[in-house]
Amino acid sequence: MSDNTFSRSPLVRFLKGIWLAVDFSRKLFMNLIFLAIVFIVLIALMMPGKPGLQEKSALVIHFDGPIYEQRPGAARSKLIEQMLDDAPKELQLRDVLATLDAAAKDPKIDRVVMIFENFGGTGLATLREVAAALDKFKASGKQVVAWSSAYDQPAYYLAAHANEVYLHPMGQVFLRGYGGHRNYYKEALEKVGVAPNVLRVGKYKNFGEPFFASGPSAETLESDKYLYDGLWKTYTDGVEKARKLPEGSVNRGIESVVKAMTDAGGDAAKVALDAKLVTGLKTRDQLRALMIERGAEDKTIQSFRQIAFQDYQGSVTPKLFGDGVGVIVAQGEIVEGRAPPGTVGGLSTADLVRKAREDTNIKAVVLRVDSPGGSAYGSELVRRELELTRAAGKPVVVSMGDLAASGGYWISMAADEVIADPATITGSIGVFGMLPTGEKTMEKLSIKTGGYSTTWLADAMYDPRRPLDPRFAELVQSAIGKIYTDFLAGAAKARKSTPEKIDEVAQGRVWTGAQAKDRGLIDKVGSFQDALKSARERAKLGDDARVAYIEADRGKFAAFLDQLGGGAARLVAKHVDLKPWLPAGAPANAVKEVREELGWLSEIAQRSATGLPFGVVAHCLCGK
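Residues numbered from 1 in each chain as written. Predicted model: local features only at pLDDT ≥ 70, side-chain atom pairs only at ≥ 80, totals over all residues. Heavy atoms only, no water.

**Student:** Give me the overall build of the protein: which residues, what numbers.
**Tutor:** When you go through the protein residue by residue, the secondary structure sums to 27 helices and 24 strands. Within the protein, the proportion of its 624 residues that are buried is 49%. When contacts within the protein are restricted to residue pairs at least 6 apart in sequence, those whose partners lie at least 24 apart make up 77%. Looking at the protein as shown, the accessible area adds up to about 30,600 Å², and 57% of this sits on carbon and sulfur atoms. (Helix = DSSP H or I, 4+ residues; strand = E, 2+ residues; numbered from the N terminus. Buried < 20%, exposed > 50% of the residue type's maximum accessible area, 1.4 Å probe, protein only. Contact = heavy atoms within 4.5 Å. Areas by Shrake-Rupley, 256 points an atom, 1.4 Å probe, with all protein chains shown as cover.)

This is the structure in structure tokens:
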């Protein structure tokens, strides 16, 4: 039977008809659901006032996780979390800033109450952005109150900017400073027969140092001391100013903490109170009673009148139309290909820059960087697209967050202006490569290798089973040196300097934003808001021009909800119950930290899989 005869058979036509009917019904059903949800969202947004908001309400912010520039993870899972009204513990910086700004202008919001539980993991530059927003909120004549069962160092920086800071009577304020100890693996690797073979340029480029040394080098200690002392001074100055404490109070308190604890009979909360780090000691119910007395009681919840951050933030909608500034977030390790939020994909982030350049309503671009670096090639992909954006006539401003080092600095080298927070960790202009081999492990296992190769390179190319051939090591070192030369030349061009002058402050060394400004590596110290202001001015936009975050396309519906604000999906959740339609037991993002730390190693593995003999990495050994 021929194909044509078969296709004309009644059975085939019948089955095709059924399939077309099913396909049409499926599309119709999904479109009707979409329209219904859009209708619900629009009706909810057009309702006057904030959801359930009354006079004398407090905005309650639970800091139960770190603050990110951009919430990591796949867009689909984030959307489902919102639709299920399952608010994630981590917060986005943009949401915190926009919500505090809206609350300051809202006559129904009397105060902000901050509750801190398990807050750690947020860098000082981000903390300073939020602290500035809290100060602005207080300047509107409203009150900020903080409470925690125990403040760690990041949490206390924000709490210190409250009008009143309360601590549980069994709690503590734990301030320790910056710095710490790293693991050094040289002797352990020698015992198992592994040679790390680290090749680098820059005497301060210490990313691979833990693998070939038994302790920190003099250069590492010098760089760490200068960096951490600078960060600690910024931290203590901020706390002492906010709490109106004498200069040096924090350091004196740490030096005398053993005696203070002994005198207080081991009562850490009393030590904090005596040091004036906190306003008073209160349990949760005592805080609740105080807030009822200050504001109003909500008998339906047996507490003070309040609105949760996520609910209030869901009603804070950005401008959706008109000319504006496009913001691209570059957060996390830099890899070459495509990556979800939380990692900077060279290709995917370059696509976002191109998307902003080709959008006629985007008149300027702000690149918000929070990255320790990674793939040198991935970094160059992003930098080149920004260079093309400037060439197209659109201003580019870089705003550095907690980290903008090594590859994070590389992607910042094609901007009209570079603005960093005084506490940003930046610089680390250097390059390294690592080619670990386990020939001695093979010997211990009595495993031999052998074979024929047509050229010396085929025989000497990197093979982790065999010793690194000196000729191949020289080849890799030459490539690393070339990339370092390109790094210096690019930085010199961007900073209107010379490679020789840049080399004096490069060599892989990291600096704070304030130190980088003194050395000509950035244009000015300032905030994210300063970067937006600069971009608007350069593009000749008004002060109220919209800010649009440029992110990967996630489908029209997801983008629609996102444009309406991070909490818009919760408006749908009030009317549409999705839980019965979804599988239970969604797995937690348990591998996130490992993925971030080993992103650069993954890039090297990918290169090897494609036949490329080695990868060159622009990464700093630094964290928040």
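**Student:** Before we move on, can you summarise the sheet that holds strand β8 (residues 280–281) with the specific residues and values?
**Tutor:** Backbone-to-backbone hydrogen bonds join strands into a sheet, with any given pair of strands oriented parallel or antiparallel. Strand order in the open sheet formed by six strands is β8-β6-β5-β4-β1-β11, and the pairing between neighbours is parallel. This sheet does not close on itself; its edge strands, each paired only once, are β8 and β11 (306–308). As paired strands, strand β1 (residues 57–63) and β11 are joined by three bridges and run parallel to one another. Across the sheet, the residue bridging to L59 is I307, located in β11. (Pairing = 2+ DSSP bridges.)

**Student:** Account for the confidence of the model for the protein, naming residues and giving values.
**Tutor:** Summary statistics for the protein give a mean pLDDT of 84 and a share of 77% for residues scoring 70 or more. When the criterion is pLDDT under 50, residues 82–86 qualifies, and its contacts beyond four places in sequence or with other chains add up to 17 contacts. Between residues 563–606, whose pLDDT stays under 50, and residues either more than four places distant or in other chains, the model counts 70 contacts. (pLDDT = per-residue confidence, 0-100.)

**Student:** So what's going on with unusual backbone geometry? Which residues, and what values?
**Tutor:** The backbone of N118 shows a phi angle near 55 degrees, a positive value even though the residue is not glycine. With respect to the helices, strands and loops of the structure, N118 is situated in the loop between β4 (109–116) and α5 (124–139). Taking relative accessible area as the criterion, N118 reaches 70% and is therefore assigned exposed. Phi at Q507 is positive, roughly 60 degrees, even though this residue is not glycine.

**Student:** Give me the pattern of salt bridges: which residues, what numbers.
**Tutor:** With the rule as written, the count across this model stands at 31 salt bridges. Notably, a salt bridge pairs E385 with R357, separated by 2.9 Å at the nearest N-O pair. Taken together, the positions of E385 in helix α16 (residues 376–391) and R357 in helix α15 (residues 346–358) put the pair 28 residues apart, joining distant regions of the chain. Neither residue differs from the other here; E385 and R357 are each classed as buried. One salt bridge connects R465 with D463, and the closest N-O pair in it is separated by 2.8 Å. Taking relative accessible area as the criterion, R465 reaches 45% and is therefore assigned partly exposed. Residue classification places D463 among the buried residues on the basis of a relative accessible area of 17%. Here the salt bridges share partners, and the residues they tie into one network are R338, D351, R354, R357 and E385. (Salt bridge = Lys/Arg side-chain N within 4 Å of Asp/Glu carboxyl O.)

**Student:** Summarise a nonpolar patch on the surface; cite the residues concerned and give the values.
**Tutor:** A contiguous nonpolar surface patch, about 330 Å² in accessible area, is contributed by W456, L457, M461 and L475. What makes M461 partly exposed here is its relative accessible area of 36%. (Patch = residues over 30% accessible without salt bridge, like charges linked within 9 Å, V, L, I, M, F, W, Y side chains within 5 Å.)

**Student:** If you had to explain the side chain of T349 to someone new, which residues and values would you point to?
**Tutor:** Tracing the chain through its elements places T349 in helix α15. Residue class for T349 comes out buried when judged on its relative accessible area of 4%. When sequence neighbours within four positions are dropped, the list of residues in contact with T349 reads I328, V344 and V382.

**Student:** Help me get a handle on the packing of helix α4 (residues 93–105) against α5, residues and values and all.
**Tutor:** One way to put it is that α4 packs onto α5 with a least axis distance of 9 Å and a crossing angle of 5 degrees. Comparing the axis directions of α4 and α5 gives the class roughly parallel. Across the interface between the two elements, L93, V96, L97, L100, D101, A103 and A104 from α4 touch T126, E129, V130, A133, L134, K136 and F137 from α5. (Axes fitted to C-alpha atoms, helices over the stretch in contact; angles between N-to-C directions. Parallel < 35°, antiparallel > 145°, perpendicular 65-115°, else oblique.)

**Student:** Kindly report on the packing of α15 against α16, identifying the contributing residues and their values.
**Tutor:** Interaxial distance between α15 and α16 falls to 8 Å at its minimum, and their mutual angle equals 5 degrees. Judged by the inter-axis angle, α15 sits roughly parallel to α16. From α15, G346, L347, T349, A350, V353, R354 and R357 reach across to α16, where they touch G378, L381, V382, E385, L386, L388 and T389.

**Student:** Lay out the side chain of S406 in plain terms, naming residues and giving numbers.
**Tutor:** Structurally, S406 can be placed in the loop between β17 (396–405) and α17 (407–410). In this structure S406 comes out as buried when scored by relative accessible area, which is 0%. Here S428 takes part through its backbone oxygen, which lies 3.2 Å from a polar atom of the side chain of S406. (Polar contact = N/O pair within 3.5 Å; in protein donor to acceptor, adjacent residues only side chain to side chain.)

**Student:** Before we move on, can you summarise the packing of aromatic side chains with the specific residues and values?
**Tutor:** Counted by the stated rule, this structure contains twelve aromatic pairs. Taking 6.0 Å as the distance between ring centres and 75 degrees as the angle between the ring planes, the aromatic pair formed by Y151 and Y156 counts as edge-to-face. We note that Y151, like Y156, is buried. One aromatic cluster is present, formed by F63, F116, F119, Y151 and Y156 through successive ring pairs. Stacked on the ring of Y549, the Lys or Arg R94 has its end atom at 3.7 Å from the ring centre. (Phe/Tyr/Trp six-rings, centres within 6.5 Å; stacked < 30°, edge-to-face > 60°. Lys NZ or Arg CZ within 6 Å of the ring centre and 35° of its normal.)

**Student:** I'd love a proper account of the nonpolar core, names of residues and values included.
**Tutor:** Ranked by internal contacts, the top residues of the largest apolar core, which has 70 residues, are F116, Y151 and Y156. Counting residues per element, this core draws most heavily on α5, which supplies seven residues. Not counting the four nearest positions on each side in its chain, Y151 is found in contact with F116, A146, Y156, A159, V165, Y166, L167, Q172, V173 and F174. L352, Y484, F487 and W511 belong to the second largest nonpolar core, which has 51 residues in total. (Core = buried A, V, L, I, M, F, W, Y, C linked by side-chain atoms within 4.5 Å.)

**Student:** Residues and numbers for the environment of S497, please.
**Tutor:** Position of S497 among the secondary structure elements: in the loop between α20 (470–494) and α21 (499–505). A relative accessible area of 29% means that S497 is categorised as partly exposed. Along the chain, S497 and L521 lie 24 residues apart, while their C-alpha atoms are 9.7 Å from each other. Leave out the neighbours within four places in its chain, and S497 touches A492 and I502.

**Student:** Please provide a residue-by-residue account of helix α13 (residues 284–294), values included.
**Tutor:** All of the buried residues in α13 are L287, L290 and M291. Buried residues of α13 fall within an arc of 95 degrees about the axis and therefore sit on the same side. If you follow the buried residues of α13, they end up packed against β4, β5 (143–148), β6 (164–167) and β10 (303–304). (Arc of directions from axis to C-beta.)

**Student:** I'd like a rundown of α16, residues and numbers included.
**Tutor:** Over its 16 residues, α16 extends 22 Å from the first C-alpha to the last, a length consistent with the 22 Å expected when each residue adds 1.5 Å. Along α16, the residues that are buried comprise A376, G378, S379, L381, V382, R383, E385, L386 and T389. Following α16 by one or two positions, G393 adopts a phi angle in the positive range, close to 100 degrees. (Expected span 1.5 Å × (residues − 1).)

**Student:** Let's hear about the environment of E219: which residues, and what values?
**Tutor:** Looking at where E219 falls in the secondary structure, it is placed in helix α9 (residues 218–242). Put simply, E219 and N206 are 13 residues apart on the chain and 8.8 Å apart in space, counted from C-alpha to C-alpha.

**Student:** Account for the pairing of β6, with residues named and values stated.
**Tutor:** On β6, burial covers both faces: E164 and Y166 on one face and V165 and L167 on the other are all buried. Summarising the sheet, β5 and β6 pair through four bridges and their orientation is parallel. Paired with S148 across the bridge in β6 is L167. You can see the chain leave β5, run along helix α6 (residues 153–159) and come back into β6, and the turn it takes is right-handed. (Right-handed = clockwise from strand over helix to strand, strands pointing away.)

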